[in-house]
Amino acid sequence: MKVTVIGTGYVGLVTGACLAEMGNHVVCLDVDERKIRVLQDGGIPIHEPGLDVIVQRNVAVGRLQFTTDVAAAVAHGTLQFIGVGTPPDEDGSADLQHVLAAARSIGAHMTDYKIIVDKSTVPVGTADRVREAVRGELQRRGMEVEFAVVSNPEFLKEGAAVGDFMRPDRIIVGADDERAVLLMRALYASFTRNHDRLQIMDVRSAEFTKYAANAMLATRISFMNELAQLAEKVGADIDMVRRGIGSDPRIGTHFLYAGAGYGGSCFPKDVKALVRTGQEHGVKLRVLEAVEEANEQQKHVLGKKVVARFGEDLAGRTFALWGLAFKPDTDDMREAPSLVVIADLVRRGARVQAYDPVATEQARLALGDVAGVSFADSAQAALSGADALVIVTEWREFRSPDFDAIRAALKQPVVIDGRNLFEPALVKAHGLEYFAIGRANAVPLKT
Ligand SMILES: NC(=O)C1=CN([C@@H]2O[C@H](COP(=O)(O)OP(=O)(O)OC[C@H]3O[C@@H](n4cnc5c(N)ncnc54)[C@H](O)[C@@H]3O)[C@@H](O)[C@H]2O)C=CC1
Ligand SMILES: O=C(O)[C@H]1O[C@H](OP(=O)(O)OP(=O)(O)OC[C@H]2O[C@@H](n3ccc(=O)[nH]c3=O)[C@H](O)[C@@H]2O)[C@H](O)[C@@H](O)[C@@H]1O
C-alpha cells in the first residue's frame, strides 16, 4: 500500500519504518529540514533500539523515503498518517496547531481519495476538526475530493517502540466509513496474523481510549508512589508489597514500580489534557487531578532524601547522578524527573556530575546553561570526588555495579536510589548507606 506519514518523531518515524518493513511504500514528511537531512544521509535523529536497522534496510530497497516536499508527500499515499506533536497548551489542553496544519497541508494538495489517519494523541472530537480543516482547504481550491478521517491512536513505549509496533497488544481503529475500515484492516493484517488484535470502534471512543489507557497507567504509578511514602513510615517494603499484590491477575504485575515520578512526553501531558477535557464538559476528574499532583511531588522525593541525609545547605557538596533520560533506552528528556532532581540540588548550592549512556546531548539542551552541572563519560567517572550517588533512571548498566568501586570513589558511602535497583542488604554489606523508595534505609553500623 502507499502510505504517507506526516511527522518523523518517535511515533512517525517508527510507524513509517515498520509499515515499510511489512512491504508498504512509505514517504515520511517533516517540516524540520535538519531532521530530514539526517534521515536522507542515512542517520537516525533519535535513539530508539532497533530502529536504525529497519530504516536502513527499507531505504536501501526503496520502500522508505524522507522529504520536506509537502505536495509530493501528499500525492504519494492513499493513507495519510498524521503523527505530529500535540504538546500541552497553557491551560493543559492539547495544542492541536501541528495536527491542524498537517490536515491543511493534505487538503491543500490532495487530488484523489485519501484516508487521513490521526495517529497523534488527540482529544475527543479532533477528527471532526481535521475533517473541517481539510474541507476548508478543498473549498478554497474549489475542489470536491472524497476523503475519510480515521482515529488510530498509538500505544508504543519509547525504548521498546519497534517491538511494540511490530507486535501490538491491540490496534484501535475508530472509523465510520466502510471503505476506510477495509483499507485499515488490510494495512494492519500483517501485524495481527495470529490473533485478531484489531478493534474497530467509533471515532470518539477510539480517541478517548488513548487517553484512558495513559491515564490508567499514570494512576497506577502515582498510587504506588504514594503507598511507597507510607511504606517508609510504617516500616514496610513497597517492593514486597508490589510482588504481593501483583500476583492477583486483576491487578497484574506490570507498571507497579514506585520511583522518582513518571516523566516523558505523554503521561504528564495526557493526564493534564484529560483533566482539561473533563473541565470543559463539567466533569471533575478528581482521581486524575490527584494523580498529577502526586507525581509533581514525587519528582522532589530524591531531593528530599538528599536533604534528609546532608542537610538543607548543600554548598560545597557534589553529587554523582546516574540516568538523565526519563526512562532507559531513550535519549528523550521531555519532563524527565532528573531535571527536577538537578534543580533541587543545584538550588541548594550543590554541584552535579551526571552520567547517562545516551541522553547527554539532549540533557545539555534541556538544561540550558544551568550552573553547577557537568557531564561524565562513564558511570564510574561521575562518582569521582562526589559526596554521594543519586540514581534517577534504571539503565541496565547500573543494575549490577561494583559496589566496592562505588564506595572507594565516593567521599561518603551514600547511595540514594530512585528506582529500587538493589537488595538493600547487599548494598549495606558493601559498607554503603542505602536510601531507596518505599523501603527502610539500610545503613551499616559503622560508616
Ligand atoms: N513519544 C511516544 O512514545 C508516543 C507519542 N504519541 C503521540 O504521538 C504524537 C507525536 O509524538 P512524538 O513522535 O513523540 O513527537 P515528536 O515531537 O518526536 O515528533 C513530531 C514531529 O512532527 C513534526 N511536525 C510538526 N508539525 C508538522 C507539520 N505540519 N508537517 C510535518 N511535520 C510536522 C516535527 O517537526 C517533529 O519532527 C503526539 O501526539 C504524542 O502524544 C503516542 C504514543 C507514543
Ligand atoms: O502515549 C505515549 O506516549 C506512551 O506513553 C507511555 O510510554 P512511555 O512514556 O514511552 O514510557 P513508559 O514506559 O510508559 O514510562 C513512562 C514513565 O513512567 C515511569 N514508570 C513506568 C512504570 C512503572 O512501573 N513506574 C514508573 O515510574 C517511567 O520511569 C517513565 O518515567 C505508555 O506506556 C505507552 O503505552 C504510550 O503509547
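Conventions we followed
- Residues numbered from 1 in each chain as written.
- Chains lettered and ligands numbered in written order.
- Predicted model: local features only at pLDDT ≥ 70, side-chain atom pairs only at ≥ 80, totals over all residues.
- Heavy atoms only, no water.
- UniProt positions renumbered as here; feature names shortened; annotations may be inferred.
- Helix = DSSP H or I, 4+ residues; strand = E, 2+ residues; numbered from the N terminus.
- Rg over C-alpha atoms; globule rule 2.2 N^0.38 Å.
- Buried < 20%, exposed > 50% of the residue type's maximum accessible area, 1.4 Å probe, protein only.
- Contact = heavy atoms within 4.5 Å.
- Polar contact = N/O pair within 3.5 Å; in protein donor to acceptor, adjacent residues only side chain to side chain.
- Near = heavy atom within 4 Å.
- Areas by Shrake-Rupley, 256 points an atom, 1.4 Å probe, with all protein chains shown as cover.
- Nonpolar A, V, L, I, M, F, W, Y, C, P; charged D, E, K, R; others polar.
- Pairing = 2+ DSSP bridges.
- Right-handed = clockwise from strand over helix to strand, strands pointing away.

Looking at an unreviewed UniProt entry, one finds the protein named UDP-glucose 6-dehydrogenase, with Azohydromonas caseinilytica as its source organism. If you open the UniProt record of the protein and go to Sequence similarities (unreviewed entry), you find "Belongs to the UDP-glucose/GDP-mannose dehydrogenase family." Here the protein is described in UniProt, under the heading Pathway (unreviewed entry), as follows: "Nucleotide-sugar biosynthesis; UDP-alpha-D-glucuronate biosynthesis; UDP-alpha-D-glucuronate from UDP-alpha-D-glucose: step 1/1."

Quick look at the overall build of the protein now. Counting its regular elements, the protein contains 18 helices and 14 strands. Its C-alpha atoms give the protein a radius of gyration of 24 Å, within 12% of the compact-globule value 22 Å for 447 residues. Seen through its principal axes, the protein has C-alpha atoms that stretch 80 × 50 × 45 Å. Residues counted as buried form 54% of the 447 residues belonging to the protein. Once local pairs closer than 6 in sequence are excluded, the contacts in the protein between residues at least 24 apart make up 73%.

Turning next to the environment of Thr192. Inspection of the secondary structure puts Thr192 in the loop between helix H8 (178-188) and strand S8 (198-201). Spatially, the C-alpha atom of Thr192 lies 33 Å from that of Asp41, the residues being 151 residues apart in sequence. Setting aside residues no more than four positions away along its own chain, Thr192 makes contact with Ile171, Arg197 and Leu198. A distance of 3.3 Å separates a polar side-chain atom of Thr192 from the backbone oxygen of Tyr188.

With respect to spatial proximity, 26 residues lie near ligand 1, and among them Asp30, Lys35, Thr86, Glu158 and Lys269 are the closest. Tyr10 places a polar main-chain atom, nitrogen or oxygen, 3.0 Å from an oxygen atom of ligand 1. For ligand 1, an oxygen atom lies 2.6 Å from a polar atom in the side chain of Asp30. Contact with the protein chains hides 88% of the accessible area of ligand 1, taken as 830 Å² for the molecule alone. Breaking the shell around ligand 1 down by element, the ones donating at least two residues are helix H1 (10-21) and helix H5 (97-109).

Below, the discussion takes up the side chain of Thr393. Considering the arrangement of structural elements, one finds Thr393 in the loop between strand S12 (388-391) and helix H17 (403-409). Owing to a relative accessible area of 1%, Thr393 belongs among the buried residues under this scheme. From its side chain, Thr393 meets the backbone oxygen of Gly323 in a polar contact 3.3 Å long. Excluding residues that lie within four positions of it along the chain, Thr393 makes contacts with Trp322, Gly323, Leu324, Ala325, Lys327, Pro328, Phe398 and Arg419.

We now examine the site of ligand 2. In the vicinity of ligand 2 there are 19 residues, among which Phe155, Leu156, Lys210, Asn214 and Cys266 approach most closely. A distance of 2.8 Å separates an oxygen atom of ligand 2 from a polar atom in the backbone of Glu158. Asn214 places a side-chain nitrogen or oxygen 2.8 Å from an oxygen atom of ligand 2. The element contributing the most residues to the shell around ligand 2 is helix H9 (residues 203-234), with four residues. When grouped by side-chain class, the residues that make up the shell around ligand 2 number eleven nonpolar, two polar and six charged.

A few words now on the UniProt feature "binding site: substrate" (unreviewed entry) in the protein. Under the local residue numbering, the UniProt record ascribes the feature "binding site: substrate" (unreviewed entry) to Phe155, Leu156, Lys157, Glu158, Lys210, Phe255, Leu256, Tyr257, Ala258, Gly259, Gly263 and Lys327. These annotated residues cover 173 residues of sequence, and their C-alpha atoms reach 23.8 Å apart at the extreme, placing them across more than a single site. Checked against the element boundaries, Phe155 lands in the loop between strand S6 (147-151) and helix H7 (161-166). Taking relative accessible area as the criterion, Phe155 reaches 17% and is therefore assigned buried. Structurally, Lys157 is set in the loop between S6 and H7. Among the residues examined, Lys157 registers a relative accessible area of 39% and is labelled partly exposed. Discounting residues that sit within four places of it in the chain, Lys157 has contacts with Glu48, Asp164 and Lys327.

UniProt's feature table lists "active site" (unreviewed entry) at Cys266, given in the numbering used throughout. Structurally, Cys266 is set in the loop between helix H10 (238-246) and helix H11 (267-280). When its relative accessible area of 28% is taken as the criterion, Cys266 is described as partly exposed. Among all residues touching Cys266, those that are not within four sequence positions of it are Asn214 and Val271.

Let us look at unusual backbone geometry. Positive phi, close to 60°, is recorded for Phe255, a residue that is not glycine. With respect to the secondary-structure elements, Phe255 resides in the loop between H10 and H11. For Glu335, which is not glycine, the phi dihedral falls at a positive 55°.

With that out of the way, let us pick up the pairing of strand S4 (residues 79-82). Side chains Leu79 and Phe81 of S4 all project onto a buried face; the interleaved residues Gln80 and Ile82 project onto the opposite face, where all are buried too. Where strand S1 (residues 2-6) and S4 come together, four bridges link them in parallel fashion. Across the sheet, the residue bridging to Val3 is Leu79, located in S4. Pairing analysis gives four bridges linking S4 to strand S5 (residues 114-118), with the strands arranged parallel. If you follow Leu79 over to S5, its bridge partner there is Ile115. Note that the unit made of S4, H5 and S5 has a crossover that is right-handed.

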